[in-house]
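Observations on the three-dimensional arrangement
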Amino acid sequence: MSLLAKDCDFSPYAQLVAALLPRATGITVFEPDGEVRWTSEDSVGPTKRKLAVTAAAAAQDSTEAGERVLTRQRDPLYLFWLRAESGTLIGIFSVSWRSGESEQRTFAYVHAMLKPVLECLRREVVLRARSSGAPSAAIEQDGGDADLRVLLTTSETLRPDAANDGIGSLLQIVNTHMQCDFTALVVPERNLVMVAKAEGRAVDTSVLAKIHRQLLSLAQVRNKAWRLNAADSLPGVPLPCRVLSSPIANPAGRPAGVLALFRSRTAPEFRRRDAMLADLLARRAASIIDSSYDALSGLLTRRAFEQRARVLLDQHVAGRSAQWTGLYIDTDRMHVINDNYGMHVGDKLLSRLGELIRSRLTPGSLAARISGDRFAILLPTAGADATSFAEALRAGVAGLIGAHLGATDTSFSASVSIGVAAINDPRVDLSHAMAAAETACKAAKDRGRNRVELYQANDVSIMRRHEDVNIAPALRAAISENRLRLDAQLIAPMFGARTPHFELLLRMIDEHGETVGPDRFMSAAVRYQLMPAVDRWVIQEAVRLLAPHAALLADRPVVFTINVSGQSLGEDGFADLVIGHIRGSGIPPQVFCFELTESAAIANLARAEVIMKRLRDFGCTIALDDFGTGLSSLAYLRALPVDMLKIDGSFVRDVLKDPRAESMVQAIAQLARSMNLVTVAEYVETDEIRLRVAHLGVDYGQGFGIARPAPFADAIRDLPTYASVARHRQGEEIDLGSDDHTISAELQQQLLAAGIDLGGEDDTQIRMEKILAGYDHSESTLYQRKLGS
């Protein structure tokens with residue numbers, strides 16, 4: 001006769017297994033003959049039944065607790081023997097493992113985790129068989145049902161609260177069920193000490209301070225519960241109470257702490273069954289600790305921090321706390337430390353930083369390691385006190401030198417940048433509440449690192465970072481949804497019949513259809529590494545729009561200048577991408593000029609030189625933007641294969657009022673001419689500036705004083721006229737009277753701004769001659785008049 005009743009419900013055990021082994025997918029209870037008595041799985045195939053029958057036959061002569069087998073799909077199946085007190089096999093308890101799970105556990109590990117569960121199940125089966133129709137009463141007599149309810153309670157109903165994140169609730173449940181004076185959890189490597197006391201009793205917990213080291217030593221010696229019922233149970237230390245101590249294991253399986261239960265001398269002794277239950281509860285505590293506390297720093301995980309912080313901020317709303325302040329901490333140059341001194345030094349630094357934070361935390365505070373080298377703290381205090389806390393922490397970290405961290409180079413020291421921000425509205429989402437602190441932290445890094453910054457809404461740098469945080473997602477969406485637009489700004493020749501240039505400028509279209517200028521989103525693109533995606537879009541879009549007009553561009557009537565960021569210079573394959581797009585379009589590569597800022601080129605000098613040379617060899621030209629602002633402009637100019645220098649606008653703007661700016665512009669123009677380079681003056685905002693820089697020998701001008709940015713389509717529309725001009729330079733006789741060569745009002749304005757006055761001339765040949773001739777501004781009467789000569 002089977003001891004497994006047909007109406008048995010083993011779902012509580014399935015819930016326990018799921019809590020202890022999250023990778024387990026279900027349990028099945030088999031009769032010794034392979035019949036399925038109960039399962040939590042959708043179905044049990046014949047393969048598992050056959051494995052159960054084979055295992056049952058092997059169990060008859062085996063003294064083992066079970067075995068691990070593989071299904072046809074190579075999935076592990078853990079089989080455990082359920083035996084009566086006589087040793088007779090009464091059933092098989094199987095645990096299925098997640099399909100394809102790479103981290104498969106050994107049988108010994110799974111058995112150790114489930115041993116108390118299996119013992120509770122075995123006793124229930126035996127008691128049900130003995131009770132003959134009264135299973136509940138029989139189980140209650142043995143206490144099994146109560147123990148099971150405790151296990152299920154700790155597995156299912158624990159919820160994080162502001163005080164303990166579930167650990168405190170677990171201790172209180174254990175203390176009440178085991179009828180103890182108090183229960184304590186001590187985990188030194190996580191800096192965790194928690195105590196739950198019996199309600200309504202005067203309890204002296206000082207014994208914990210006296211014996212916790214001995215209990216930790218016992219945990220190292222004997223990796224299971226230890227009952228200390230007698231006064232002399234602990235060598236050399238008289239016990240004033242009864243103690244049940246169970247080890248808490250860390251993720252590596254080594255004892256890291258203890259769960260200790262304390263009863264008075266007048267209370268019943270701890271039994272073997274209590275020890276088994278304590279071991280299972282200790283495993284549950286270890287599971288909560290592993291999911292809530294970071295192993296390296298001993299601080300909360302990000303998820304646990306957010307859960308507990310939300311409760312604390314809700315209490316703030318309810319008036320239970322006065323004020324909260326958030327701190328965001330970023331370890332400076334962590335990648336440099338890892339690269340130069342080894343990952344073990346970096347880990348040691350993070351561990352020591354965790355220790356410093358824990359040792360300085362005030363009661364009621366929260367601290368977490370939220371990512372690799374970043375930490376967050378929530379302090380129940382005002383901004384001024386929080387800033388003092390942050391400054392003390394920064395100083396403590398600055399005192400950590402290489403010798404403290406195990407580095408071979410003992411001269412280096414660590415540092416952190418810390419942002420501090422008051423949480424004025426605790427009802428907002430925590431991520432938004434901490435965003436201000438993160439912004440202040442990044443401002444601290446911008447200002448030299450190893451400093452503390454308090455978030456202030458009127459701080460320009462902080463405001464810029466805050467705006468970048470908000471606009472970065474919109475920019476990502478605009479790139480993916482093709483909500484970007486190209487404008488073009490004329491770069492006009494100052495004198496002579498030179499080829500005009502257009503610089504392509506990017507605009508973003510927001511979700512409401514409004515145009516957003518680059519001053520709003522370009523900083524975010526640089527800060528959040530979006531520039532490579534932006535550059536790729538601009539290149540692809542420019543080539544796509546110009547490809548249908550490849551025939552008109554055959555003689556290079558105009559040149560289109562495209563900006564390239566320093567981030568794109570660092571990407572492998574960037575030059576291949578550019579060359580591939582241009583080659584596939586049929587557009588002559590001479591039509592394109594790629595513009596790099598001087599700082600970006602110097603920062604990536606070796607890679608920039610390679611990419612610039614490849615593009616130049618392909619036929620494109622190269623411009624160096626913001627020339628004159630770098631620390632070593634002249635030294636690097638010889639190394640870079642450039643064709644054009646764009647003089648930084650800070651010199652051009654002041655050319656009329658600052659003799660030094662004028663001298664700088666003239667010197668750059670003369671230097672460029674000696675090296676056969678073309679010069680462009682940026683920020684030409686007035687006629688006076690345009691005439692002055694032309695007199696100083698600059699070849700081209702760009703700015704509102706010449707032409708404002710216009711849609712790229714307008715420049716494309718005027719390509720026939722530019723093509724006609726280019727052919728005429730080559731001596732071709734062409735008819736300029738057709739409608740195809742009509743000069744738009746916008747183009748006439750651009751030509752007029754460049755000094756070419758068509759004067760309302762109807763004769764197209766005369767118009768073209770004026771366009772081709774241009775004006776030599778250095779000799780114009782307008783120039784002479786404005787200079788007063």
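Here, every reference points to the structure presented above.
Residues numbered from 1 in each chain as written. Predicted model: local features only at pLDDT ≥ 70, side-chain atom pairs only at ≥ 80, totals over all residues. Heavy atoms only, no water.

1. A look at the overall build of the chain
Along the chain, the regular secondary structure elements total 30 helices and 25 strands. Put simply, 64% of the contacts in the chain that link residues at least 6 apart link residues at least 24 apart. A total accessible area of about 35,900 Å² is found for the chain, and carbon and sulfur atoms account for 50% of it. (Helix = DSSP H or I, 4+ residues; strand = E, 2+ residues; numbered from the N terminus. Contact = heavy atoms within 4.5 Å. Areas by Shrake-Rupley, 256 points an atom, 1.4 Å probe, with all protein chains shown as cover.)

2. Regarding the packing of aromatic side chains
For the coordinates displayed, the defined rule picks out nine aromatic pairs. An angle of 50° between the planes, with centres 6.3 Å apart, marks the rings of Phe 10 and Tyr 13 as tilted. Since its relative accessible area comes to 2%, Tyr 13 is described here as buried. Judged by centre distance (4.2 Å) and plane angle (10°), the ring pair of Phe 182 and Phe 262 falls under stacked. One end of the pair, Phe 182, is in strand β6 (residues 182-187); the other, Phe 262, is in strand β10 (residues 255-264), and 80 residues separate them in sequence. (Phe/Tyr/Trp six-rings, centres within 6.5 Å; stacked < 30°, edge-to-face > 60°. Buried < 20%, exposed > 50% of the residue type's maximum accessible area, 1.4 Å probe, protein only.)

3. Details of the nonpolar core
Phe 560, Phe 592 and Phe 594 are the most contacted members of the largest nonpolar core, which has 82 residues in total. The element best represented in this core is helix α17 (residues 531-546), accounting for eight residues. With residues near it in sequence (within four places) discarded, Phe 592 still touches Val 543, Leu 546, Val 559, Phe 560, Ile 562, Ile 582, Ile 587, Cys 620 and Thr 621. In this structure, Leu 171, Leu 192, Met 194 and Ala 275 belong to the second largest nonpolar core, which totals 49 residues. (Core = buried A, V, L, I, M, F, W, Y, C linked by side-chain atoms within 4.5 Å.)

4. Focus: the pattern of salt bridges
Think of it this way: side chains of opposite charge can pair up when their charged atoms draw near. Considering all chains together, one arrives at 34 salt bridges under this definition. Its salt-bridge partner being Glu 31, residue Arg 37 comes within 2.7 Å of it at the nearest N-O pair. The exposure class assigned to Glu 31 is buried, which follows from its relative accessible area of 6%. A salt bridge links Asp 294 to Arg 369; its shortest N-O distance comes to 3.2 Å. You can see Asp 294 sitting in the loop between α8 (272-292) and α9 (302-317) and its partner Arg 369 sitting in strand β12 (residues 366-371), a full 75 residues away along the chain. Accessibility classification places Asp 294 together with Arg 369 in one group, the buried group. (Salt bridge = Lys/Arg side-chain N within 4 Å of Asp/Glu carboxyl O.)

5. Section: the pairing of strand β21 (residues 621-627)
Among the seven residues of β21, six are classified as buried, and the element is accordingly described as predominantly covered. With five bridges joining them, strand β20 (residues 592-597) and β21 adopt parallel strand pairing. Across the sheet, Leu 596 pairs through a bridge with Leu 624, a residue of β21. (Pairing = 2+ DSSP bridges.)

6. Quick word on the packing of helix α19 (residues 574-585) against helix α21 (residues 605-618)
For the pair α19 and α21, interaxial distance at closest approach is 9 Å and the crossing angle is 15°. Judged by the angle between their axes, α19 and α21 are roughly parallel. The handedness of the crossing between α19 and α21 comes out as right-handed. Of α21, the residues touching α19 (which contributes Phe 574, Ala 575, Asp 576, Val 578, Ile 579, Ile 582 and Arg 583) are Ile 611, Arg 614, Leu 615 and Phe 618. Residues of the contact of α19 with α21, tallied by class, amount to eight nonpolar, no polar and three charged. (Axes fitted to C-alpha atoms, helices over the stretch in contact; angles between N-to-C directions. Parallel < 35°, antiparallel > 145°, perpendicular 65-115°, else oblique. Left-handed = near helix turned anticlockwise from the far one by under 90°. Nonpolar A, V, L, I, M, F, W, Y, C, P; charged D, E, K, R; others polar.)

7. Some points on a positive patch on the surface
Taken together, the side chains of Lys 115, Arg 222, Lys 224, Arg 227 and Arg 272 present a region of like positive charge at the surface. Along the chain, Arg 272 turns up in helix α8. (Patch = residues over 30% accessible without salt bridge, like charges linked within 9 Å, V, L, I, M, F, W, Y side chains within 5 Å. Lys, Arg positive; Asp, Glu negative; His and termini not counted. Charge placed at Lys NZ, Arg CZ, Asp CG, Glu CD.)

8. Some details on the environment of Leu 624
Residue position: Leu 624 is located in strand β21. Distance from Leu 624 to Leu 637, taken between C-alpha atoms, is 9.2 Å for residues 13 residues apart in sequence.

9. Quick word on α21
Between its first and last C-alpha atoms α21 spans 20 Å; for 14 residues at 1.5 Å apiece the expected length is 20 Å, and the two agree. What α21 keeps buried is the set Ala 608, Ile 611, Met 612, Leu 615 and Phe 618. Buried residues along α21 cover an arc of 125° about the axis, so they all sit on one side. Set apart from the buried face of α21 by more than 90 degrees, the exposed residues are Ala 606 and Asp 617. Immediately beyond the C-terminal end of α21, within one or two residues, lies Gly 619, with a positive phi of roughly 125°. (Expected span 1.5 Å × (residues − 1). Arc of directions from axis to C-beta.)

10. Re helix α14 (residues 430-446)
The end-to-end C-alpha separation of α14 is 24 Å, in line with the 24 Å expected for 17 residues at 1.5 Å each. The largest bend in α14 amounts to roughly 25° and is located at Ala 436. Counting buried positions over the 17 residues of α14 gives 13, a clear majority of the element. Phi for Gly 448, located one or two positions after α14, is positive at around 120°. (Bend = angle between axes of the 7 residues up to and from the residue.)

11. Comments concerning the sheet that holds β10
Spatially, the five strands line up as an open sheet ordered β7-β6-β10-β9-β8, and their pairing is antiparallel. Looking along the sheet, the strands with just one partner apiece sit at the ends: β7 (192-197) and β8 (226-228). Neighbouring strand axes in the sheet, compared pairwise and without regard to direction, differ in orientation by 15° on average. Bridge count for strand β9 (residues 241-249) against β10 is nine bridges, and the pairing is antiparallel. Among the inter-strand pairings, Ala 249 is bridged to a residue of β10, identified as Pro 255. Where helix α6 (residues 167-177) meets the sheet, it contacts β6, β7 and β10, and its direction lies at approximately 40° from that of β7. Across the sheet, α8 lies against β6, β7, β8, β9 and β10, angled at about 40° from β9, the strand it touches most.

12. A look at the environment of Leu 490
For Leu 490, the location among the structural elements is in strand β16 (residues 484-493). Taking the C-alpha atoms as reference points, Leu 490 and Gly 703, separated by 213 residues in sequence, lie 8.2 Å from one another.

13. Notes on the side chain of Thr 183
Turning to its location among the elements, Thr 183 is positioned in strand β6. A distance of 2.8 Å separates a polar atom in the side chain of Thr 183 from a polar atom in the side chain of Asn 175. Filtering out sequence-adjacent residues up to four positions away, Thr 183 remains in contact with Leu 171, Val 174, Asn 175, Met 194, Val 195, Ala 196, Leu 259, Ala 260 and Leu 261. (Polar contact = N/O pair within 3.5 Å; in protein donor to acceptor, adjacent residues only side chain to side chain.)

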